[in-house]
Amino acid sequence: CAKKLTETDGEKLPRRKAQDLIQVLDSLSDIKPNYFYTKISTKFEDTNRNISFKTSIRLVKDSAINTLITYATLPIVNAMITKDSVVISNKRDKCYIRESMDYIKDNFAVDFNYRNIEELILGMPLDFDSTQKYFQIHDPFNYIISSHKKRDLRRTERNERQPKEDIIIKYFLTDDAKGLKALDIESPSDTASIHVDYKLREQIGGYDVPKEVFIQIRSARNNMRIEMSYEKIEINEPKEMILVIPDSYGKCE
C-alpha cells in the first residue's frame, strides 16, 4: 500500500523543552534588517494559470515594500505595499489598483498585515508574539511549536466551530533547533491554509535569509503553488523606491 505522508525515514530528534524552542522563535522574531533587496525567480501555478516571472523586491523595515515584476525582461507590474495600503501599477493593461490591506485577504484568502508580509519575505516566524502562550506539538521527527493546544487542533480537524479571528500557526524549527524550517497557517473561518517551506537558506551580513522557498495556498476558491529562488541578495544597503502611475491609466477592472 502507499506510504503515508506523515511517515519518514529520518532519525528521531533529541527531545527539547518547549520553552527552549519558544525562546529560539522569540530571538528569531527580533532579527530584521533595516533594508533588504533581492531578485526572485518565481514559478506560480493555480487552477487557471502556470507562469514564471522575475520579481525585484526592495524592503524598508516597518515601512514599505516595493516590488517590480518582469516577464521576458519586460516590466509588467510595479507595486508598493505599506502598513495601510496596496498600490499596483499594471503596465501591461495600463491600469492601476489602490486598495487597503484587505486586498491581500481578498486575493490570497488569509488576512495578512504588513508585518506578516515582511516576515514571509525575510523568513521570520510569522506573527510571533512573546506575550502569547505557545504549545509544543510532540513529533519525534520535527520540532513544532503551535499557537494552539493539540486538542484545539483536533477540534479544527473535526470542523468544529472556531472563533472567526482565530488563526492557527505551527512553527517548524530546523533539526538543530536554531532556525525556522517551515510554517503552517490555517484560517478555519475562511477554510484556507498556507504552507511555507524554507527549503534553503544562506548567511548574509549576519542574517539567515531564505534562498529557496516553496509556498502552497489552499482555499475554497483556489489552490496556489509558488516556488521562489532568491538571487543577488543585499542587506542594509538602501535602495530607491519608485512607483509611477501615468495619468492615462484608469482603475483596473
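Residues numbered from 1 in each chain as written. Predicted model: local features only at pLDDT ≥ 70, side-chain atom pairs only at ≥ 80, totals over all residues. Heavy atoms only, no water.

### What about the pairing of strand 10 (residues 180–187)?
Moving on, step 1. As paired elements, strand 9 (residues 168–173) and strand 10 share six bridges and run antiparallel to each other. Following the sheet pairing, Ile169 is matched in strand 10 by Ile185.
Moving on, step 2. As paired strands, strand 10 and strand 11 (residues 192–204) are joined by six bridges and run antiparallel to one another. Pairing of Asp184 across the sheet is with His195, part of strand 11.
Moving on, step 3. Following strand 10, the chain reverses through four residues before pairing antiparallel with strand 11; Thr191 in that reversal takes a positive phi of roughly 45°. (Pairing = 2+ DSSP bridges. Helix = DSSP H or I, 4+ residues; strand = E, 2+ residues; numbered from the N terminus.)

### Notes on the environment of Asp139
Moving on, step 1. The topology assignment puts Asp139 in strand 7 (residues 135–139).
Moving on, step 2. The partly exposed category is assigned to Asp139, whose relative accessible area is 27%.
Moving on, step 3. Residues Asp139 and Arg15, 124 residues apart in the sequence, show an inter-C-alpha distance of 9.4 Å. (Buried < 20%, exposed > 50% of the residue type's maximum accessible area, 1.4 Å probe, protein only.)

### Notes on helix 1 (residues 18–28)
Side chains that are three or four residues apart share a direction in an α-helix, a result of its 3.6 residues per turn.
Moving on, step 1. For helix 1, the full list of buried residues reads Leu21, Ile22, Val24 and Leu25. Seen from one end, helix 1 has its buried residues packed into an arc of 155°, which puts them on one side.
Moving on, step 2. Buried residues in helix 1 make contact with strand 7, strand 8 (142–146), strand 9 and strand 10. (Arc of directions from axis to C-beta. Contact = heavy atoms within 4.5 Å.)

### Brief notes about the state of the cysteines
Moving on, step 1. Counted under the stated rule, the structure contains one disulfide.
Moving on, step 2. At a sulfur-sulfur separation of 2.1 Å, the disulfide partner of Cys95 is Cys252. An S-S torsion of about 90° defines the bridge between Cys95 and Cys252 as right-handed. Residue Cys95 is found in strand 6 (residues 95–99), and its partner Cys252 is found in the segment after strand 14 (250–251); the two are separated by 157 residues along the sequence. (Disulfide = S-S within 2.5 Å.)

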